[in-house]
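# Analysis of the macromolecular model
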Amino acid sequence: MVWVNAVVQGLMLGGLYALFACGLSLMFGVMRTVNLAHGDLSVVAAYGSLALVDALGWSPFTTLLIVIPGMAIVGFLLQRVILDRALGVSALAPLLATFGLSIALQNLLLQIDSPDARILPIGSFGIGSWRISSQLSIGWFPLLTLGVAIVVLLAIELFLQRARLGTAMRATRDDAATAQLMGIDTRKMYALAAMLALATVGIAGVFLGMRTTFTPTSGSDYLIFAFEAVVIGGIGSVRGTLAGGLVLGVAQTVGAQINAADPILIGHLVFLTVLVVRPRGLFRSSVLA
Amino acid sequence: MSAPAAATPDPAGAPLPAPAGSGAGPRVRRSARFGWIAFVVFAVVVGLMALVPVTQSVGNINNLTQLLILIVMGVTWNLLAGYAGLVSIGLQAFIGLGGYVLLELADHNGVQPFLALGLAALICGAAALATSFVVFRLRGGYFAIGTWVVAEVFSLITAQVNSLGGGSGTSLNSLSYLEPLTRLKDVYWAALICAVLALAGVYLLLRTRTGLALTATRDDEDGARSLGVRSVLTRRIAFTVAGIGCGAAGGLYLMSNLDIVPSSAYSVNLSAYMIFIVLIGGVGTIEGPVIGAVVFWYIQLEFASYGAYYLIALGVLAVLMTLVLPGGVAGLIRRFTRVDPFPVGYTLASEEPTSGGAQGP
């Protein structure tokens, strides 16, 4: 039962990782670039939510109404001010620019707030759980996180597969020059992808803040987890990203049962094993090849 | 170092069509105008630097040791990012490993510390070679983060080894046979030797066929492969050399600071430093990382006490340099002087000597 519990908790933790990974997967899928400030931007969203909670007395859930559009605007600005230019400089420039942004954001948060750990208060909902047996109980909040992750990832997959805009986005990814000839405004597609990605980053950040404590430097860890989820699932596959997040979550919680000292290390080792054994990921890309 | 494209025709690697200065028509040449001046300046600077322990105060020797370590780190990172087209934010894996291997060899196995420094660098090269078989499955941004995961794995494993001090770190004891001042001087000279070796090594590597294959792969991987360049092998060589350089930097860092903790020896901030150095100095130039290291070293000495503001400014500076001045200081100097002091590429020299200027590699 201990193991069943570990797997169940891992799946729910994996939901959070999948939520983090979704924006990374989307941006790479459309623009072929990696935003190294991804984790830090989610922490910015968590701090933004905290500020709203403190100032207006809202529930963290209500702050999503402002955080999600707010982060979409951040995504638009990120794309137009930094990434568009960086993509024009060289293939490596977006990495360098977003890494610089990551360092600046972390320290800006340190300066505005403090190194102390923060949490978004959700009251009794955060500790409520559905008790199945003495060793297995399912927390309401982790379950909700998993549900939100599944909904968000499937919605993005459907959007890319069915919607006209989604098709245009995939066309931009496949061949930007030809897409442009077909009348697609590729710059707009990039901005839209960044907005969508950052909106999910906002959701991930707020859910992170409700689940556990965060500090200005927490972003790095979640960038790594998000990245591992993407690679385990198979780069470019949104459905794979969901599965990758779940695998990583389970690896960490089951790892905690094996070696309580370092569950994170077990997660990293599972990631490296997948990379060696199945370099294209467990689930070959479906939508975003 | 094997020439990767030895068996196949490699136009860029072919012998120079005609020696400089013979006959008419366009010709390809490498040496730039004033090339010899750069070497004289380099030799003089190295000579002056070698005299630092005799002429300077203890504080200056220590500060300049840190500068030399930054130069080694910058030159190494630039080899990957500037010439191999590989941006990594995980080279701290080999910086930390270098420190810990040195510690293990010197403190626990009785190896002479300065010999252990060399061995640690070579072991880090071997570790980098082994690592490349995993991380080379990733590309671009994913390669960058993949190497970071490797650094985290090294850090987490190191923290579990009690004989190495675990998570709370330990100190290097085997240098205590030296007087503090003698130790300071000896470590300084070791750092100077490492910096010169790193610079000369990268410069000479880039002038071989391997170097040419490396830059060809960077510029157009498919094109290079279609001409027979073994691009993966070439990148593996570069990554191995980077491992050696980082191992030496990590060993030197331990020798000069004497304390080592996994969380800072494997810190991603080290990657941030390397990136700042190369961005400021100029990516893809030989002199760039040296200029960048000097600037970064000075900024650190003057402004590190401002803490978070200092790092915010550095982060913003990195963004601005990438977007506005991607060539860095070295690129700026080249644009105005049209001189490439340490040419590693070839330039097309036409009949008019006026257009035979230097251009970036």
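All of these numbers come straight from a predicted model, not from anything done at the bench. (Residues numbered from 1 in each chain as written. Chains lettered and ligands numbered in written order. Predicted model: local features only at pLDDT ≥ 70, side-chain atom pairs only at ≥ 80, totals over all residues.)

## As for the overall build of chain A
Assigned secondary structure in chain A consists of eleven helices and two strands. Reading the helices (α) and strands (β) of chain A from amino to carboxyl end gives α-α-α-α-β-β-α-α-α-α-α-α-α. Here the C-alpha radius of gyration of chain A, 19 Å, is about what a compact globule of 289 residues would show, namely 19 Å. C-alpha extents for chain A along the principal axes are approximately 65 × 45 × 30 Å. Of all 289 residues assigned to chain A, the portion counted as buried reaches 53%. Considering only intrachain contacts with a sequence separation of at least 6, the fraction spanning at least 24 residues in chain A is 77%. (Helix = DSSP H or I, 4+ residues; strand = E, 2+ residues; numbered from the N terminus. Rg over C-alpha atoms; globule rule 2.2 N^0.38 Å. Buried ≥ 20, exposed ≤ 12 C-beta atoms within 10 Å, placed from the backbone. Contact = placed C-beta atoms within 7 Å.)

## Some words on the overall build of chain B
Broken down by element type, chain B carries 15 helices and four strands. Here chain B holds 361 residues, and the buried ones make up 48% of them. Here the analysis covers contacts within chain B between residues at least 6 apart in sequence; of these, 78% occur between residues at least 24 apart.

## Here we look at the interface of chain B and chain A
By convention, interface size is frequently given as the accessible area that disappears when the constituent parts associate. Of the residues lining the interface, 34 residues belong to chain B; the matching set on chain A comes to 39 residues. For the side of chain B that touches chain A, the elements supplying multiple residues, two or more each, are helix 6 (140–159), helix 12 (268–281) and helix 14 (308–324) of chain B. Taken together, the residues that form the side of chain B that touches chain A break down as 26 nonpolar, six polar and two charged. (Nonpolar A, V, L, I, M, F, W, Y, C, P; charged D, E, K, R; others polar.)

## Concerning unusual backbone geometry
One non-glycine residue, arginine 32 of chain A, lies in positive phi territory at about 60°. Take arginine 32 of chain A: it is sitting in the loop between helix 1 (2–31) and helix 2 (38–56). The phi dihedral of leucine 258 of chain B falls on the positive side, at around 70°, and the residue is not glycine. Tracing the backbone through its elements, the reader meets leucine 258 of chain B in the loop between helix 10 (231–257) and strand 3 (259–260).

## Examining the environment of phenylalanine 42 of chain B
Locating phenylalanine 42 of chain B in the fold gives a position in helix 1 (residues 35–50). On a C-alpha basis, the gap between phenylalanine 42 of chain B and glycine 245 of chain B in space is 20 Å, while along the polypeptide they are 203 residues apart.

## Focus on the environment of glutamine 79 of chain A
Residues and elements named next belong to chain A. Along the polypeptide, glutamine 79 turns up in helix 3 (residues 60–89). What makes glutamine 79 buried here is the crowd of 26 C-beta atoms within 10 Å. Along the primary structure glutamine 79 and tyrosine 190 are separated by 111 residues, whereas in three dimensions their C-alpha atoms are 7.2 Å apart. Every residue in contact with glutamine 79, bar those within four places of it in the chain, is listed here: Asp84, Tyr190, Ala191 and Ala194.

## Side note on the confidence of the model for chain A
Residues and elements named next belong to chain A. For chain A, the average pLDDT comes to 89, and 98% of its residues sit at 70 or higher. Considering each helix and strand of chain A separately, the mean pLDDT is smallest for strand 1 (residues 129–131), with a value of 82, and largest for helix 2, with 95. Residue range residues 285–289 is modelled with pLDDT below 50. Its contacts to residues more than four positions away, or to other chains, number 19 contacts. (pLDDT = per-residue confidence, 0-100.)

## Some remarks on helix 10 (residues 238–258) of chain A
Compared with an ideal rise of 1.5 Å per residue, which puts 21 residues at 30 Å, helix 10 of chain A spans 30 Å between its outermost C-alpha atoms and is within 8% of the ideal. Most of helix 10 of chain A is tucked away: 16 of the 21 residues are buried. (Expected span 1.5 Å × (residues − 1).)

## Examining the nonpolar core
Ala193 and Ala226 of chain A together with Val72, Cys124 and Leu252 of chain B are the most contacted members of the largest nonpolar core, which has 203 residues in total. A total of 16 residues in this core trace back to one element, the largest contributor, which is helix 8 (residues 186–211) of chain A. Apart from residues lying up to four places away in sequence, leucine 252 of chain B is in contact with Ile69, Leu117, Val187, Ala190, Ala191 and Cys194 of chain B. (Core = buried A, V, L, I, M, F, W, Y, C linked by C-beta atoms within 7 Å.)

## Examining the confidence of the model for chain B
Detailed conclusions should not be drawn from predicted coordinates in areas where pLDDT is low. All names here are of chain B. When pLDDT is averaged along chain B, the result is 85; 87% of the residues meet or exceed 70. Predicted confidence is poor over residues 1–22, with pLDDT under 50, and the contacts of this stretch with residues over four places away or in other chains come to 40 contacts. Every residue in residues 351–361 is under pLDDT 50, and counting partners more than four places away or in other chains gives 24 contacts. On the interface metric, ipTM, the complex scores 0.87, and its pTM is 0.86.

## Description of helix 6 (residues 164–174) of chain A
All names here are of chain A. Among all positions in helix 6, only Ala168, Met169, Thr172 and Arg173 are buried. With its buried residues spanning 140° around the axis, helix 6 presents them on a single face. Opposite the buried face of helix 6, by more than 90 degrees, sit the exposed residues Arg164 and Asp174. Taken together, the buried residues of helix 6 touch helix 1, helix 5 (140–162), helix 7 (176–181) and helix 8. (Arc of directions from axis to C-beta.)

## Some words on the packing of helix 9 (residues 219–233) of chain A against helix 11 (residues 263–277) of chain A
All names here are of chain A. Direction vectors running N to C along helix 9 and helix 11 enclose 35°, while the axes themselves pass 9 Å from each other. In this structure, the crossing between helix 9 and helix 11 has a hand that is left-handed. Taken together, the residues of helix 11 that come into contact with helix 9 (itself represented by Glu228, Val231 and Ile232) are Gly267, Phe271, Val274 and Leu275. Here the contact of helix 9 with helix 11 is built from residues that sort into five nonpolar, one polar and one charged. (Axes fitted to C-alpha atoms, helices over the stretch in contact; angles between N-to-C directions. Left-handed = near helix turned anticlockwise from the far one by under 90°.)

## Side note on the environment of cysteine 124 of chain B
Residue and element names in this part refer to chain B. With respect to the helices, strands and loops of the structure, cysteine 124 is situated in helix 5 (residues 113–135). Counting along the chain gives 120 residues from cysteine 124 to isoleucine 244, while the straight-line C-alpha distance between them is 5.4 Å. The contact partners of cysteine 124, leaving out residues within four places of it in the chain, are Phe94, Leu97, Gly98, Val101, Gly243, Ile244, Cys246 and Gly247.

## A short note on the packing of helix 3 (residues 58–83) of chain B against helix 13 (residues 288–303) of chain B
Residues and elements named next belong to chain B. Put simply, helix 3 and helix 13 touch, their axes get as near as 8 Å, and they point 135° apart. Taken together, the axes of helix 3 and helix 13 are oblique relative to one another. Crossing of helix 3 over helix 13 shows right-handed handedness. Contacts between helix 3 and helix 13 pair Asn63, Gln66, Leu67, Leu70, Ile71, Gly74, Val75 and Asn78 from the former with Gly288, Pro289, Val290, Gly292, Ala293, Val294, Phe296, Trp297 and Leu301 from the latter. Grouping the amino acids of the contact of helix 3 with helix 13 by side-chain chemistry returns eleven nonpolar, six polar and no charged. (Parallel < 35°, antiparallel > 145°, perpendicular 65-115°, else oblique.)

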